[in-house]
Amino acid sequence: MFHFYCFQTDKKIIVSDLPLDKIKNKFGYKYEVINSVKDAQSVSVVSARLKRSYPDFIIEEIYKKGKVILTD
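Here we summarise the structure given alongside this text. Because the structure is a prediction, the values reported are computed rather than measured.

Before going further, it helps to spend a moment on the pairing of strand 1 (residues 2–7). By the criterion of burial, strand 1 is predominantly enclosed, with 5 of the 6 residues buried. Summarising the sheet, strand 1 and strand 3 (residues 32–37) pair through 5 bridges and their orientation is antiparallel. Of the residues in strand 3, the one forming a bridge with Cys6 is Glu32. Where strand 1 lies against strand 2 (residues 12–16), 5 bridges are found, and the strand directions are antiparallel. Its bridge partner being in strand 2, Phe4 is matched across the sheet by Val15.

Rules used throughout
- Along each chain, residues carry numbers from 1 onward, in the same order as the chain's sequence is written.
- The predicted nature of this model means local features are confined to residues of pLDDT at least 70 and side-chain atom pairs, given and counted, to a pLDDT of 80 or more, with totals for whole chains, interfaces and linings taken over all residues.
- Only heavy atoms go into the side-chain values, all of them from the structure, while hydrogens and water stay out.
- For the exposure calls, accessible area comes from a 1.4 Å probe over protein chains only, and a residue counts as buried if that area is under 20% of its type's maximum, exposed if over 50%, partly exposed in between.
- Numbering of helices and strands runs from the N terminus, with a helix taken as a DSSP run of H or I at least four residues long and a strand as a DSSP run of E at least two residues long.
- When DSSP locates at least two bridges between a pair of strands, those strands are taken to pair.

By themselves, these observations are geometric and do not establish any function.
In structure tokens, the structure reads:
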């Protein structure tokens with residue numbers, strides 16, 4: 001399961017497949033879950049939609065195997 005976390009104060013959206021407790025440990029509790037998808041193919045579709053909805057935000061993808069930062 002992939003979750004999209006919005007951090008308003010940092011203007012950042014985190015996409016991750018990590019368990020929720022690891023996200024809380026790393027970033028704290030100042031986030032809002034804005035979407036969740038089951039398959040990896042849907043991540044790019046949702047990320048594209050979020051780029052349009054949150055144009056000033058940076059989208060970071062953090063997965064169990066590594067980290068990717070997406071910008072325009």
